[in-house]
Amino acid sequence: MEHVAVSPWVMLAYLVAGVCFIIALRGLSSPESSRSGNRAGMIGMAIAVITTLVTHDVASLPEIGIAIAIGGAIGFVIARRIAMTAMPQLVAAFHSLVGLAAVLVGAAAYLDPEAFGIADVLARGIVPEPGRGPITGGALTVINPVSRIEMGLGVAIGAITFSGSVIAFLKLNGNMSGKPILLPGRHLINLGTLAAILGLIAYFTQDQDPWVFWTITGLSFAIGFLLIIPIGGADMPVVVSMLNSYSGWAAAAMGFTLHNTAMIITGALVGASGAILSYIMCRAMNRSFISVIAGGFGGDSVAAGGGGAIDRPWKRGSAEDAAFLMKQAEQVIIVPGYGMAVAQAQHALREMGDLLKEEGVTVKYAIHPVAGRMPGHMNVLLAEASVPYDEVFELEDINSEFARTDVAFVIGANDVTNPAAKTDKTSPIYGMPVLDVEKAKTVLFVKRSMGGVGYAGVDNEVFYRDNTMMLLADAKKMVEDIVKSMG
């Protein structure tokens, strides 16, 4: 890759792109400004891509155009066909591609450092010792030691992101059990592998032998796998957020290798914002941030706690019962979960809310930080159904209101409403703050059947409370029947 002398205009263009990315992140912090935030991000990315193409002789324009067309067509088809319920695994899959791209760029830079402008000394005419690193034209190419650190870190983080995201995808997509897979001595294995990777990156600055580079790559692929398999389903939203952060840091590290300022800025923004989001979510779930990075948090309690269904009496209700109770209420709090997403019931739910408001009922929506399968999953679905933003509240803002609420309408949310998180120390969700729906005068719980358990693999004792009425049916059909009964 031949680099053109950097002009002030190029640096200004990258600076503008960076500002656009910051504006995008600021816009995405609120549903009201999310559209403008997305537009700012698109503008910034367009500026960065165009500037990079103009200032770097990477390939012919037809080749670049073909690559963009192929990638754009694939992305367009996937975006059109993907269901909202599959969005978390799609995000995990995209993260894996970012990680793999970082690994491939690092490998290309290692094999041909001159093309990337990271060669320190080219000992022409000197016959290298066997296996002493990249060979160009019969000579030994010595990579700049600083570039070796950047390359090693970029490849390591990229490989961890790739393999970790693949496991997250398999768990979210149902190809692998959502329950933790606990290996004997996993913490010792993980720490030993991470220490070996860091030690080899340090050694890589002194010796660029192929075995060092490829061992770093192989161990990083392995540790990404080992870090994610012990993590249970209830904690997967945090995993998706952390992998998002990893993909950003991998991109930033590769930005140094490619001498691309925009890539460094963008990667750092993604990495930092993902880490901050993960930290916020960990606090919301009463989890340790360090244990997220180490992998397998919550795993020991899963092994200890049982997850079978509770054999106790429960009350079954109908759509007519639910319609009557909610129409007589002063306030109804709706708690959406993954079951709502699977049934695509958000539009019917909004219609039900509108009918209740016409009856003079106060309607609010309670969102748990990890409801669904990724951060903001429920917020996106409710926004898609045009639910007013001022009716949607986070856990810490609405939890105190359940005790003063007539009806809590829970639609497909299991783990995030389970009181076992507060009382059962053997439960895999113990210590996680949950929505106190059981404190409402009446709890209407929409669920397909009584046989299943939540994604964390534990039953919910709210089902068997005296103030709970179970509405067993497909979530969308049940809400539609309630709407008809209200009419």
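It should be emphasised that the depicted structure is a prediction, and the values quoted were computed from it without experimental measurement.

Rules and cut-offs
Residues numbered from 1 in each chain as written. Predicted model: local features only at pLDDT ≥ 70, side-chain atom pairs only at ≥ 80, totals over all residues. Heavy atoms only, no water. Pairing = 2+ DSSP bridges. Helix = DSSP H or I, 4+ residues; strand = E, 2+ residues; numbered from the N terminus. Axes fitted to C-alpha atoms, helices over the stretch in contact; angles between N-to-C directions. Contact = heavy atoms within 4.5 Å. Expected span 1.5 Å × (residues − 1). Buried < 20%, exposed > 50% of the residue type's maximum accessible area, 1.4 Å probe, protein only. Arc of directions from axis to C-beta. Polar contact = N/O pair within 3.5 Å; in protein donor to acceptor, adjacent residues only side chain to side chain. pLDDT = per-residue confidence, 0-100. Core = buried A, V, L, I, M, F, W, Y, C linked by side-chain atoms within 4.5 Å.

Take the sheet that holds strand β11 (residues 468-472) next. Taken together, 6 strands build an open sheet; the order of strands is β8-β7-β6-β9-β10-β11 and the sheet is parallel. Pairing within the sheet leaves two strands with one partner each, and these edge strands are β8 (392-394) and β11. Averaged over all neighbouring strand pairs, the angle between strand axes comes to 25°, with direction disregarded. Sheet topology places strand β9 (residues 407-411) next to strand β10 (residues 442-447); 5 bridges connect them, and they run parallel. Paired with Ile-411 across the strands is Val-446, a residue of β10. Relative to β10, helix α12 (residues 319-327) is tilted by about 145°, and along the sheet it contacts β6 (331-336), β9, β10 and β11. Where helix α14 (residues 346-358) meets the sheet, it contacts β6, β7 (362-367) and β9, and its direction lies at approximately 145° from that of β7.

This part covers helix α18 (residues 475-486). Here α18 contains 12 residues, and its C-alpha end-to-end distance of 17 Å stays within 8% of the 16 Å for a straight helix at 1.5 Å per residue. Turning to α18, its buried residues are Ala-475, Met-478, Val-479, Ile-482, Val-483 and Met-486. For α18, the buried positions fall inside an angular range of 140° around the axis, keeping them on one side. Here the buried face of α18 lies against α12, α13 (338-343), α14, β9, β10 and β11. The opening residue of α18 is Asp-474, an N-cap whose side-chain oxygen sits 3.1 Å from the backbone nitrogen of Lys-476.

In this section: the confidence of the model for the protein. For the protein, the mean per-residue pLDDT works out to 83, and 85% of the residues sit at or above 70. The model gives residues 122-128 a pLDDT under 50, and that stretch makes 15 contacts with residues more than four places away or in other chains. In the predicted structure, residues 135-139 sits below a pLDDT of 50 and forms 12 contacts with residues beyond four places in sequence or in another chain.

Moving on to the environment of Ile-265. Following the sequence through the fold, Ile-265 ends up in helix α9 (residues 261-285). For the pair Ile-265 and Gly-248, spaced 17 residues apart in sequence, the C-alpha separation works out to 9.6 Å. Not counting the four nearest positions on each side in its chain, Ile-265 is found in contact with Tyr-14 and Gly-18.

Turning our eyes to something else, we now look at the nonpolar core. For soluble globular proteins, nonpolar side chains are generally found buried alongside one another. Within the largest apolar cluster, 40 residues are counted, with the highest numbers of intra-cluster contacts made by Met-326, Met-352, Phe-409, Ile-411 and Ile-482. Per-element accounting of this core gives the leading share, 6 residues, to α18. Beyond its immediate chain neighbours, meaning those up to four positions away, Met-326 contacts Val-332, Met-352, Leu-356, Val-361, Val-407, Phe-409, Leu-444, Ile-482 and Met-486. Core analysis: the second largest hydrophobic core is formed by 35 residues, Ala-107, Met-151, Val-155 and Ile-201 among them.

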